[in-house]
Amino acid sequence: MVQSPKPSLRALDPVWERIRREAETALAAEPLLGGMFHASVLHHKTLEQALAFRLSQKLSTAELSEQILREIMDAAHADDPSLGEAARADIVATFERDPACNRFLKPLLYFKGFQAVQAYRISHWLCQKGRTDFASLIQMRVSECFGVDIHPGARIGKGIMIDHAHSIVIGETAVVGDNVSMLHSVTLGGTGKEDGDRHPKIGNGVLIGAGAKVLGNIRVGDCARIAAGSVVLEDVPSRKTVAGVPARIVGEAGCAQPSLTMDQLFRGEI
């Protein structure tokens, strides 16, 4: 008896299938936006194709055409399947952590934090290929379009949720682990004009509150919390909460993985 071949990973794509179903539902509810739903979602066979279309629409200019951007993004996804895997993880993370996100469709179409991170992933791929001018041009366009400035040299994991995303800055040698959540106006920056490895290293499961500044080549341990408005200049131990200017340890993180619960309240857990 000849066994049927196992279905490929491409054929089993629950994230993309759910996005397509949500787009069909949205189309029925709002037919005046039918052109957008068809062009951005229903016309495409894969999430990677939809991402390339949506981002190229947003980022294209007279000197950087939509067609060229789509070709570059299609090439990046074909060369590195982890880009699509990370995008799916980011969509699920946004849906699970952002109360304003009630559909998988929303990050793809409307959320500039998600879109900026996916465009960064393309610029990082270009940087790794030695195509630094193209990477820098995409970085510039992302900054202009979304108000998010992520250097192509930064290394960012998957399962990333950036809420609101306005005025996010992530420097060249910054490292961000998996399952990290941050809010608007966060800076992962340097402390001056030093060269070399000069930006923060953020562990897995970290929650960074709005307006927090993490500066210098310092380490923020896994599952730590950084309170809104804090200025962090020293290492933060794992599973601790820091707050203040300059930031100091004020207690425990309060849960196993604060980036998932998004709980930013301090209850005095010393």
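Residues numbered from 1 in each chain as written. Predicted model: local features only at pLDDT ≥ 70, side-chain atom pairs only at ≥ 80, totals over all residues. Heavy atoms only, no water.

Participant: Give me the lowdown on the sheet that holds strand β12 (residues 225–226), citing residues and values where you can.
Facilitator: Ordered by their spatial adjacency, six strands build an open sheet running β3-β6-β9-β12-β14-β15, and the pairing between neighbours is mixed. In the strand order of this sheet, the two ends are held by β3 (161–162) and β15 (248–252), each with one partner. (Pairing = 2+ DSSP bridges. Helix = DSSP H or I, 4+ residues; strand = E, 2+ residues; numbered from the N terminus.)

Participant: Can you break down the pairing of strand β14 (residues 240–243) residue by residue, with the values?
Facilitator: One ladder, built from two bridges, connects β12 with β14; its direction is parallel. Considered in β14, the bridge of Ile226 is made with Val242. The pairing of β14 with β15 spans four bridges and is classified as antiparallel. Along β15, the bridge assignment pairs Thr241 with Gly251. As consecutive antiparallel partners, β14 and β15 are separated by four residues, and within that stretch Gly244 has a phi angle of approximately 110°, a positive value.

Participant: Tell me about the packing of helix α2 (residues 34–42) against helix α3 (residues 47–59), residues and numbers included.
Facilitator: Packing of α2 against α3 leaves a shortest axis separation of 8 Å and a crossing angle of 125°. Taken together, the axis directions place α2 and α3 in an arrangement best described as oblique. Note on element contacts: α3 touches α2 through Ala50, Phe53, Arg54 and Gln57, opposite Met36, Ala39 and Ser40. Split into classes, the residues belonging to the contact of α2 with α3 amount to four nonpolar, two polar and one charged. (Axes fitted to C-alpha atoms, helices over the stretch in contact; angles between N-to-C directions. Parallel < 35°, antiparallel > 145°, perpendicular 65-115°, else oblique. Contact = heavy atoms within 4.5 Å. Nonpolar A, V, L, I, M, F, W, Y, C, P; charged D, E, K, R; others polar.)

Participant: I'd like to hear about the packing of α3 against helix α5 (residues 82–97), residue by residue, with values.
Facilitator: It is at 10 Å that the axes of α3 and α5 come closest, and there the two elements cross at 80°. Between α3 and α5, the angle falls in the class roughly perpendicular. Taken together, the residues of α5 that come into contact with α3 (itself represented by Leu47, Glu48 and Leu51) are Gly84, Ala87, Arg88 and Ile91. Along the lines of polarity and charge, the residues of the contact of α3 with α5 split into four nonpolar, one polar and two charged.

Participant: I'd love a proper account of unusual backbone geometry, names of residues and values included.
Facilitator: For the peptide bond that leads from Val245 to Pro246, omega is -5°, which places it in the cis range. Mapped onto the elements, Pro246 comes out in the loop between β14 and β15. Positive phi values are uncommon outside glycine, yet Ser167 reaches one of about 65°. The phi dihedral of Ser185 falls on the positive side, at around 65°, and the residue is not glycine. Note on placement: Ser185 falls in the loop between β6 (181–182) and β7 (187–189). By relative accessible area, which is 22% here, Ser185 ends up partly exposed. (Buried < 20%, exposed > 50% of the residue type's maximum accessible area, 1.4 Å probe, protein only.)

Participant: Tell me what's going on with the environment of Val148, and back it up with residues and numbers.
Facilitator: With respect to the element layout, Val148 can be found in strand β1 (residues 148–150). Val148 sits in the buried class, given a relative accessible area of 2%. C-alpha separation for the pair Val148 and Lys112, spaced 36 residues apart in sequence, amounts to 8.5 Å. Filtering out sequence-adjacent residues up to four positions away, Val148 remains in contact with Ala116, Val142, Ser143, Ala165 and Ile168.

Participant: Describe the pattern of salt bridges, naming the residues involved and giving the relevant values.
Facilitator: Scanning the entire structure with this criterion turns up 10 salt bridges. Across the salt bridge formed by Glu144 and Arg141, the nearest N and O atoms sit 2.6 Å from each other. Taken as a pair, Glu144 and Arg141 lie in helix α8 (residues 132–146) at a separation of three residues, close to a single helical turn. Across the pair Glu172 and Arg198 runs a salt bridge, and its minimum N-O distance is 2.8 Å. (Salt bridge = Lys/Arg side-chain N within 4 Å of Asp/Glu carboxyl O.)

Participant: Hey, could you go over the side chain of Ser230 for me, with residue numbers and the actual values?
Facilitator: Here Ser230 is to be found in the loop between β12 and β13 (231–232). In this structure Ser230 comes out as buried when scored by relative accessible area, which is 0%. In terms of polar contacts, Ser230 uses its side chain to reach the backbone amide nitrogen of Gly244, at 3.2 Å. (Polar contact = N/O pair within 3.5 Å; in protein donor to acceptor, adjacent residues only side chain to side chain.)

Participant: Tell me about α5, and please be specific about residues and values.
Facilitator: The end-to-end C-alpha distance of α5 is 22 Å, a good match for the 22 Å that 16 residues give at a rise of 1.5 Å each. Every buried residue belonging to α5 is among Leu83, Gly84, Ala86, Ala87, Arg88, Asp90, Ile91, Ala93, Thr94 and Arg97, and all of these are buried. (Expected span 1.5 Å × (residues − 1).)

Participant: Hey, could you go over the state of the cysteines for me, with residue numbers and the actual values?
Facilitator: Note on terminology: disulfide describes a covalent bond linking the sulfur atoms of two cysteines. One pass over the structure, following the stated rule, counts zero disulfides. Among the cysteines around Cys145, which has no disulfide bond, Cys127 carries the closest sulfur, lying 20 Å off. (Disulfide = S-S within 2.5 Å.)

Purely spatial values, then, with no claim about function.
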